[in-house]
Amino acid sequence: MSPTSDDERGVIRPDTDRLLLDVMLGKLAVYLRFCGYDTVYALDRGIEDDDRLATLAEREGRRLLTRDVELAASVEGAVLLTAHEPDAQVAELREGGFDLEIDDAPSRCGRCNGELDPVPSEAETPDYAPDSASTDCWRCRSCGQIFWKGSHYDRIDETLS
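Residues numbered from 1 in each chain as written. Predicted model: local features only at pLDDT ≥ 70, side-chain atom pairs only at ≥ 80, totals over all residues. Heavy atoms only, no water.

Chemist: Would you explain the nonpolar core in this entry?
Modeler: Burial of nonpolar side chains together is a common tendency in soluble globular proteins. Ranked by internal contacts, the top residues of the largest apolar core, which has 23 residues, are Leu21, Leu28, Leu32, Leu65, Leu93, Phe98 and Leu100. Of all the secondary structure elements, the ones that give two or more residues to this core are strand 2 (18-21), helix 1 (26-34), helix 4 (86-95) and helix 5 (151-160). Core analysis: the next-biggest nonpolar cluster, separate from the first, contains 13 residues, Ala42, Ile47, Leu53 and Leu80 among them. (Core = buried A, V, L, I, M, F, W, Y, C linked by side-chain atoms within 4.5 Å. Buried < 20%, exposed > 50% of the residue type's maximum accessible area, 1.4 Å probe, protein only. Helix = DSSP H or I, 4+ residues; strand = E, 2+ residues; numbered from the N terminus.)

Quick look at the structure:
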């Protein structure tokens, strides 16, 4: 993995860096969102065209992550990944200076990238989610999905570790 420009910004952090992932990196988006990154996945916006991705990255001030050599070379500050699997992509990002610590209190929806709010302990949760009185839960402001630290969270944490 390497930035495609001479801009070596050091550590890339969720509080300072917004990301755009091309169509080849959909599974990676969930990992980055669990780390608190504002991460847009191209297909969530219905974008596949390289020119539109480049424009979106510039317009929204996002760092583009891609496996496409030509696309990476055409976008200033883009990050070129070579690995195919998310586990190996995570390793590439870590080596490239990305802060990849899972949020203790999740802040981003793994599904849609929306911001999460804690669910009050007295609030009802859907059948698929645990009772918020006994388990900390978070609700996405955008899509309404409920999240909690279950086996999926544990698997992602293990991969990031």
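Still more to cover.
Chemist: For this particular structure, what's the right way to read the pattern of salt bridges?
Modeler: Side chains that carry opposite charge are capable of pairing whenever their charged atoms lie near each other. Counted under the stated rule, the structure contains 10 salt bridges. Measuring nitrogen to oxygen at the nearest pair gives 3.1 Å for the salt bridge that ties Arg62 to Asp38. Of this pair, Arg62 sits in strand 4 (residues 62-66) while Asp38 sits in the loop between helix 1 and strand 3 (39-41), placing them 24 residues apart in sequence. For the residue pair Arg62 and Asp38, the accessibility class agrees, reading buried in each case. Salt-bridge contacts for Arg141 lead to Asp117; the nearest nitrogen and oxygen are separated by 3.0 Å. Linking Arg141 in the loop between strand 7 (137-140) and strand 8 (146-148) with Asp117 in strand 6 (residues 116-118), this pair joins segments that are 24 residues apart in sequence. Asp117 sits in the partly exposed class, given a relative accessible area of 30%. In this structure, a network of salt bridges that share partners links the residues Arg18, Asp38, Arg45, Glu60, Arg62 and Arg108. (Salt bridge = Lys/Arg side-chain N within 4 Å of Asp/Glu carboxyl O.)

Chemist: Which parts of the structure should I look at to understand the pairing of strand 4?
Modeler: Sheet faces and side chains relate simply in a regular strand, where the side chains alternate between the two faces. In terms of residue burial, strand 4 counts as a mostly covered element, since 5 of its 5 residues are buried. Covered by surrounding structure in strand 4 are Arg62, Leu64 and Thr66 together with Arg63 and Leu65, the residues of both alternating faces. Sheet topology note: the strand 2/strand 4 ladder contains 4 bridges and is parallel. Looking at the pairing, Leu19 lines up with Arg63 of strand 4. Two strands pair when backbone bridges link them, and strand 4 and strand 5 (residues 79-80) are joined in this way by 2 bridges, in the parallel orientation. Bridge pairing links Leu65 to Val79 in strand 5. With respect to chirality, the unit in which strand 4 leads through helix 3 (residues 69-74) into the neighbouring parallel strand 5 is right-handed. (Pairing = 2+ DSSP bridges. Right-handed = clockwise from strand over helix to strand, strands pointing away.)

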